[in-house]
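Take a look at the letters that make up each chain.
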Amino acid sequence: MSASFRLTDSTLRDGSHAIAHQFTTEQVRRVVAGLDAAGIPVIEVAHGDGLGGSSFNYGFSHTNETGLLQVAVETARYAKIAVLMLPGIGVKDDLRQAADLGARVARIATHCTEADISEQHIALAKDLGMEAVGFLMMSHMIEPEELLEQARLMESYGADAVYTVDSAGAMTIDGARRRVALLKANLSCQVGIHAHNNLSLAVANSLAALEEGVDQIDGCTTGLGAGAGNCPTEILVAACERSGWETGIDPIAMIEVADTAVRPIRPEQGVIDGDGLLLGYAGVYGSFLLHSKRAAERYGVPTRDILLELGERRVVGGQEDMIIDVAMELQRRAASKMVGS
Amino acid sequence: MTLRCAIVGSGNIGTDLLYKLLRSEKLEAALMVGIDPASEGLARAREAGVETVADGVDGLIERAAELDLVLEATSAWVYRINAPLYRRVGLRSIDLTPARLGPLVVPPVNLAEHLDAPDLNLITCGGQATVPIVAAVRSVTEVPYAEIVSTVASVSAGPGTRQNIDEFTHTTSASLVEVGGADFGKAIMVLNPAEPPILMRNTVFCALGDGYDRDEVADAITRMVAAVASYVPGYRLKAPPVFDEDLFRTPGGDVKARVVTLLEVEGAADYLPAYAGNLDIMTASAIRVAEAMVR
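Read on for an overview of the structure. Note that the coordinates shown come from a computational prediction; the quantities given were computed from them, not determined experimentally. (Residues numbered from 1 in each chain as written. Chains lettered and ligands numbered in written order. Predicted model: local features only at pLDDT ≥ 70, side-chain atom pairs only at ≥ 80, totals over all residues. Heavy atoms only, no water.)

1. Side note on the overall build of chain B
This is how the line gets drawn: Every helix listed is a DSSP run of H or I at least four residues long, and every strand listed is a run of E at least two residues long, numbered separately from the N terminus. Radius of gyration: C-alpha atoms only; globule rule: 2.2 Å multiplied by the number of residues to the exponent 0.38. Should any heavy atoms of two residues lie within 4.5 Å, those residues are considered in contact. Neither His nor the chain ends contribute to the count of charged residues, in which Lys and Arg are positive and Asp and Glu negative. Each charge is placed at NZ for Lys, CZ for Arg, CG for Asp and CD for Glu.
The secondary structure content of chain B amounts to 10 helices and 12 strands. Over its C-alpha trace chain B gives a radius of gyration of 19 Å, about what one expects of a compact globule, namely 19 Å for 295 residues. Once the C-alpha set of chain B is aligned to its principal axes, its extents read approximately 60 × 40 × 30 Å. Nonlocal contacts in chain B, meaning residues at least 24 apart in sequence, comprise 70% of its contacts between residues at least 6 apart. Positive and negative charge centroids in chain B, built from 25 and 38 side chains respectively, lie 1 Å apart.

Structure, rendered in structure tokens:
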């Protein structure tokens, strides 16, 4: 039987956030081989912040992403390799290079209100013969109707699919359902969901999206990803099979990949600690977590206060530089309080 | 003497330029050129007693003898058509589009070198805001790699910027190296839709070579911020420069330290709202360059 939806495993892209962008070619080879053999149709590989993300602001990659992509393309026998790019961070040349290396799916990501900066990149992906996917990040911040307007823009630029992306892991089941249902009812292109697990709802949101007819779902094996992690691919596959949704993926092989290839990279993955939960509760971009922990240590202020202040300021994905700004301001406030007392 | 200036483009930037020209003692707003007779910019110019042309640059070319300088506030592709026309009639121009035909100019860094060029390009708002800091650090130590993050309010980024975000990142990255003096450069642009709109923010990361002197670097940055603030009053440091020591594996090689400069730019609100520091720094830089041409 054919699968009820298409699964994209983003362990080697979103998972990059969880390990400060330190993936090695050997890890990529093992993970791609395992996922490919289990039947995963699309595997995303890039810096966590997409092509060109290696930087002071987001963290420098251990291994150049062209090296990682090359290994992924060589290793995959059935799966297509996907890349992510954020206009403003990556440039068109990065996309051309990825296409040359053999990437076949280009996922173009913008903040949920800024779809119009993706026009030239979606068009380029199509020119390069790639599948183009629009990726609307932080979708929880706007109402479904507004999200639809932005999704329509991406569709009009030529996107083959548009995703509602819960970058902050802040979406409730009802929120995920309403967004997917509205997009499905009004778009002729495919619709996808990318869930994070900060409120422990990633699998539930993905299953709710399936009930609303979602065409594509993202997972990360063991949940390896930004914030408290993503929708764990092996759990999603098992839960789908038991709920009667065909995945086309071997659940036992998936469990094996999770245990042997991905779990060793970050054994503690899957624990939703207070800070991870807070991201979902405050609606803060998931990849801010490690940067905030580091800034908390460097400037001697609590991670929690940094995250809450970031939520207050309504910063968006890409503004990692504001973490330093917030931490220093909290440090100054604390110092003036001490002088005052 | 004063320079007789023509503004080409009657949109937001052109209109902001108009008010800055009207305030300048060294510059005269002689003409504003638009393509839409009903545009608000042209109406405001007429109201201020400035002559206007509503059917493009032909009218300007006819009057070339009465003009000294063009301030171009159209778009890159329009400027590529207009620039040769200006040259033919001997008019100089300051280009606020990202067309990059003339040398890239940042007033406190390299204006003196290019003051005689017929065509000067002002890079991008992000370039005007961050290149001075890179150049300041470079004046006292090696900068193997410089990276900037420029965040602007969504409402202050027009359709031109949005459709050409790649050109913005390319041009700004190039200016960190060509004008700022870094060995490698990377520019990142972020749009933030928060309401009320945020002020323009810029963060400049400079990798530091061995043997830098903290005080020297911090002094150079502080002095440069004052130099920019002399013509962009809302340009300021959010905090003293931050020095971080760690191993950073940058494209310019491994370094052991970086300095991070957090900047904010509040606009003068001549025509555009105060949050649009990104637009103000462009028009203020253009006026600075034009005034320097008056000798």
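2. Points about the sheet that holds strand E2 (residues 42–45) of chain A
Residue and element names in this part refer to chain A. Selection criterion: A pair of strands counts as paired when DSSP detects no fewer than two bridges linking them. Lines are fitted to the C-alpha atoms to define the axes, a helix being fitted only along its stretch in contact, and any angle between axes, read from their N-to-C directions, falls within 0 to 180 degrees.
Here we have eight strands rolled up into a closed barrel, ordered E1-E2-E3-E4-E5-E6-E7-E8, and parallel in their pairing. Pairwise comparison of adjacent strand axes, ignoring direction, gives a mean angle of 25° for this sheet. Sheet topology places strand E1 (residues 6–12) next to strand E8 (residues 216–219); four bridges connect them, and they run parallel. For Thr 8, the partnering residue across the bridge sits in E8 and is Asp 218. Helix H2 (residues 25–38) rests against E1 and E2 of the sheet, and its axis sits at about 165° to E1.

3. Brief notes about the interface of chain A and chain B
Put simply, the rule is: Summed over both partners, the accessible surface that disappears when two parts come together, traced with a 1.4 Å probe, is what is meant by buried area. One speaks of a salt bridge when a side-chain nitrogen belonging to Lys or Arg is within 4 Å of a carboxyl oxygen belonging to Asp or Glu. For this analysis, a polar contact is any N or O atom pair within 3.5 Å, provided that within protein one partner can donate a hydrogen and the other can accept it, and provided that sequence-adjacent residues contribute only side-chain to side-chain pairs.
Each partner contributes residues to the interface: chain A has 36 residues there, and chain B has 40 residues. A buried area of about 3000 Å², summed over both sides, lies between chain A and chain B, and 56% of it is on carbon and sulfur atoms. The interface formed by chain A and chain B holds five salt bridges in total. In this structure, the salt-bridge partner of Arg 162 of chain B is Asp 116 of chain A, at a minimum N-O distance of 2.7 Å. The tally of links from chain A across to chain B stands at 16 residue pairs in polar contact (both at pLDDT 80 or more). Broken down by secondary-structure element, the contributors of at least two residues to the side of chain A that touches chain B are helix H4 (92–101), helix H5 (119–127), helix H12 (288–299) and helix H14 (321–340) of chain A.

4. Some words on the packing of aromatic side chains
Worth spelling out the cut-off: Pairs were defined over the aromatic rings of Phe, Tyr and Trp, the Trp ring being its six-membered one, requiring ring centres within 6.5 Å. Orientation was assigned from the angle between planes: stacked under 30 degrees, edge-to-face over 60, tilted for the rest. Categorising residues by exposure relies on relative accessible area from a 1.4 Å probe, with only protein chains included: less than 20% of the type maximum marks a residue as buried, more than 50% marks it as exposed, and the intermediate range marks it as partly exposed. Only when the NZ atom of a Lys or the CZ atom of an Arg is both within 6 Å of the ring centre and within 35 degrees of the ring normal do we say a charge sits over the ring.
Evaluated as defined, the whole model comprises 10 aromatic pairs over all chains. Between Phe 60 of chain A and Tyr 145 of chain B, the ring centres sit 5.9 Å apart and the planes meet at 65°, which makes this aromatic pair edge-to-face. Residue Phe 60 of chain A is found in the loop between E2 and helix H3 (65–75), and its partner Tyr 145 of chain B is found in the loop between helix H6 (125–138) and strand E7 (146–153); the two belong to separate chains. Both residues of the pair, Phe 60 of chain A and Tyr 145 of chain B, count as buried. On the numbers, 5.4 Å between centres and 65° between planes, the contact of Tyr 285 of chain A with Phe 288 of chain A is edge-to-face. You can call Tyr 285 of chain A buried: its relative accessible area is 7%. Following the ring pairs from residue to residue traces out a cluster consisting of Phe 56 and Phe 60 of chain A together with Tyr 145, Phe 205 and Phe 248 of chain B. The cationic tip of Arg 107 of chain A hangs over the ring face of Tyr 163 of chain A; the distance from NZ or CZ to the ring centre is 5.1 Å.

5. Things to note about the side chain of Asp 16 of chain B
Residue and element names in this part refer to chain B. With respect to the secondary-structure elements, Asp 16 resides in helix H1 (residues 12–23). Under the relative-accessibility criterion, Asp 16 is labelled buried at 1%. Once residues within four sequence positions are removed from consideration, Asp 16 is found in contact with Asp 270, Tyr 271, Leu 272, Asp 280 and Thr 283.

6. Thoughts on the pairing of strand E2 (residues 27–33) of chain B
All names here are of chain B. Formally: The crossover handedness rule: strands pointing away from the viewer, path from first strand over the helix to second strand clockwise, crossover right-handed.
Counting buried positions along E2 gives six out of seven residues, so the element sits mostly inside the fold. Summarising the sheet, strand E1 (residues 3–8) and E2 pair through six bridges and their orientation is parallel. Across the sheet, Arg 4 pairs through a bridge with Glu 28, a residue of E2. Read from E1 through H1 to E2, the crossover connection turns out right-handed. Where E2 and strand E3 (residues 51–53) come together, three bridges link them in parallel fashion. Its bridge partner lying in E3, Met 32 is registered against Thr 52. A crossover connection joins E2 to the parallel E3 through helix H2 (residues 40–47); in handedness this β-α-β unit is right-handed.

7. Structural notes on the packing of H2 of chain A against H3 of chain A
All names here are of chain A. Quick note on the threshold: Any angle from 65 to 115 degrees is called roughly perpendicular, while one under 35 is roughly parallel, one over 145 is roughly antiparallel, and all others are oblique. Left-handed describes a crossing whose near helix is turned anticlockwise from the far helix by less than a right angle; the clockwise case is right-handed.
Packing of H2 against H3 leaves a shortest axis separation of 9 Å and a crossing angle of 30°. As judged from the angle between their axes, H2 and H3 are roughly parallel. Along this stretch, H2 crosses H3, giving a crossing that reads as right-handed. Contact residues: Thr 25, Val 28, Arg 29, Val 32, Ala 33 and Asp 36 in H2; Gly 67, Leu 68, Val 71, Ala 72, Glu 74 and Thr 75 in H3.

8. Section: the sheet that holds strand E5 (residues 92–95) of chain B
Residues and elements named next belong to chain B. Read across the open sheet, the six strands follow the order E3-E2-E1-E4-E5-E6; overall the sheet is parallel. Of all strands in the sheet, those bounded by a partner on one side alone are E3 and strand E6 (119–121). If you compare each strand with its neighbour and ignore which way they point, the axes differ by 25° on average. In this structure, E1 lies alongside strand E4 (residues 69–72), joined through four bridges in parallel fashion. The residue of E4 that forms the bridge with Val 8 is Glu 72. Across the sheet, helix H10 (residues 277–293) touches E1, E2, E4, E5 and E6, and the angle it forms with E5 is around 155°.

9. Observations regarding the packing of H2 of chain A against helix H10 (residues 251–262) of chain A
Residue and element names in this part refer to chain A. Rules: Residues are grouped as follows: nonpolar covers Ala, Val, Leu, Ile, Met, Phe, Trp, Tyr, Cys and Pro; charged covers Asp, Glu, Lys and Arg; every other residue, Gly included, is treated as polar.
For the pair H2 and H10, interaxial distance at closest approach is 9 Å and the crossing angle is 175°. By the criterion of interaxial angle, the relationship of H2 to H10 is roughly antiparallel. Here Arg 30, Val 31, Gly 34, Leu 35 and Ala 38 of H2 come into contact with H10, specifically with Ala 253, Met 254, Val 257, Thr 260, Ala 261 and Val 262. Looking at the contact of H2 with H10 residue by residue, the class counts come to eight nonpolar, two polar and one charged.

10. What about the environment of Ile 43 of chain A?
Residue and element names in this part refer to chain A. Along the chain, Ile 43 falls in strand E2. Taking the relative accessible area as the measure of exposure, Ile 43 reaches 0% and is therefore buried. Separated by 290 residues in sequence, Ile 43 and Arg 333 have C-alpha atoms that sit 45 Å apart.

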